[in-house]
Amino acid sequence: MPNPFEAVWNTLKTSMDNLDEPKSPLHIIEAGDCWKYLTMMEEYIRYEESGLNTTTDDEVKEMLKDVIKLCESQVKKLSKFMRDEGIPLPDVTSSKPNSEPNEIPLGVKLTDNEITNGIAFKLVTCMQACAKGQADAVRSDIGMIWLSFYSEWVTFGTTLKTLMRKRGWLKVPPYYYPPGSPKQ
């Protein structure tokens, strides 16, 4: 089985070697992947802002601030790329105003468990979108953008999983024991 680090290195080397390739226009799927991902990021930021308005937990607040920074950084980079390529930017929801977490009624207020699991779900969705974008990419420059976004999500996911495991919020499917194996 090939070494995964060697495979990543070969991919990066090939991409870097191809930076001199003639710049063709983005194909429709590349443009659509960009538009869809940017829309998704903007909407996820609104969810994260709602989480900040809801939680009183310092660790959850810190995690939300980190993921907002990550999303805003990706939005900035992708927006610039799209403007340079002539792709229209999506119309998105405006930022949430700040509110006091203790003034939110309990029937409306998300729990910290719900907030972190919502972020985990969004992380998985973002990683899948990045992988699809990278697989659809013909041009090396957009392929590298998707790879960098994916890598950022992998790094953030490690931190999120640590917090969720520490607090008992990590949702784990039932364990599978094949027939005939000793029960654990």
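Residues numbered from 1 in each chain as written. Predicted model: local features only at pLDDT ≥ 70, side-chain atom pairs only at ≥ 80, totals over all residues. Heavy atoms only, no water.

**Digging into the packing of aromatic side chains**
Piece 1. Tallied over the full model, the rule gives four aromatic pairs.
Piece 2. With a centroid separation of 6.1 Å and 90° between ring planes, the pair formed by Trp-146 and Phe-149 is classed as edge-to-face. Placement of both Trp-146 and Phe-149 in helix α5 (residues 140-167) is noted, with a separation of three residues, approximately one turn of the helix. Taken individually, Trp-146 and Phe-149 each receive the classification buried, so the pair is uniform in this respect.
Piece 3. Following the ring pairs from residue to residue traces out a cluster consisting of Tyr-37, Trp-146 and Phe-149. (Phe/Tyr/Trp six-rings, centres within 6.5 Å; stacked < 30°, edge-to-face > 60°. Helix = DSSP H or I, 4+ residues; strand = E, 2+ residues; numbered from the N terminus. Buried < 20%, exposed > 50% of the residue type's maximum accessible area, 1.4 Å probe, protein only.)

**Comments concerning the packing of helix α2 (residues 28-54) against helix α4 (residues 112-136)**
Piece 1. Look at α2 against α4: their axes get within 11 Å of each other, and the N-to-C directions meet at 170°. Taken together, the axes of α2 and α4 are roughly antiparallel relative to one another. Classified by chirality, the crossing of α4 by α2 is left-handed. Within the contact between the two elements, α2 uses Ile-29, Glu-30, Asp-33, Lys-36, Tyr-37, Met-40, Met-41, Tyr-44, Tyr-47, Glu-48, Gly-51 and Thr-54 and α4 uses Glu-114, Ile-115, Gly-118, Ile-119, Lys-122, Thr-125, Cys-126, Ala-129, Cys-130, Lys-132, Gly-133 and Asp-136.
Piece 2. Here the residues of the contact of α2 with α4 sort into eleven nonpolar, five polar and eight charged. (Axes fitted to C-alpha atoms, helices over the stretch in contact; angles between N-to-C directions. Parallel < 35°, antiparallel > 145°, perpendicular 65-115°, else oblique. Left-handed = near helix turned anticlockwise from the far one by under 90°. Contact = heavy atoms within 4.5 Å. Nonpolar A, V, L, I, M, F, W, Y, C, P; charged D, E, K, R; others polar.)

**A word on the side chain of Thr-116**
Piece 1. With respect to the secondary-structure elements, Thr-116 resides in helix α4.
Piece 2. On the basis of relative accessibility, which here comes to 0%, the residue Thr-116 falls in the buried class.
Piece 3. A polar contact of 3.1 Å, which involves the side chain of Thr-116, links it to the backbone oxygen of Asn-113.
Piece 4. Apart from residues no more than four positions distant in its own chain, Thr-116 is found in contact with Val-60, Met-63, Leu-160, Leu-163, Met-164 and Trp-169. (Polar contact = N/O pair within 3.5 Å; in protein donor to acceptor, adjacent residues only side chain to side chain.)

**Digging into the pattern of salt bridges**
Two side chains carrying opposite charge are able to pair once their charged atoms lie near each other.
Piece 1. The tally for this structure, following the rule as stated, stands at eleven salt bridges.
Piece 2. When the shortest N-O distance is used, the salt bridge between Lys-23 and Glu-85 registers 3.2 Å. Here the residue Lys-23 occupies a position in the loop between α1 (4-17) and α2, and Glu-85 occupies one in helix α3 (residues 58-85), the gap between them amounting to 62 residues.
Piece 3. Overall, the relative accessible area of 62% leaves Lys-23 in the exposed class. (Salt bridge = Lys/Arg side-chain N within 4 Å of Asp/Glu carboxyl O.)

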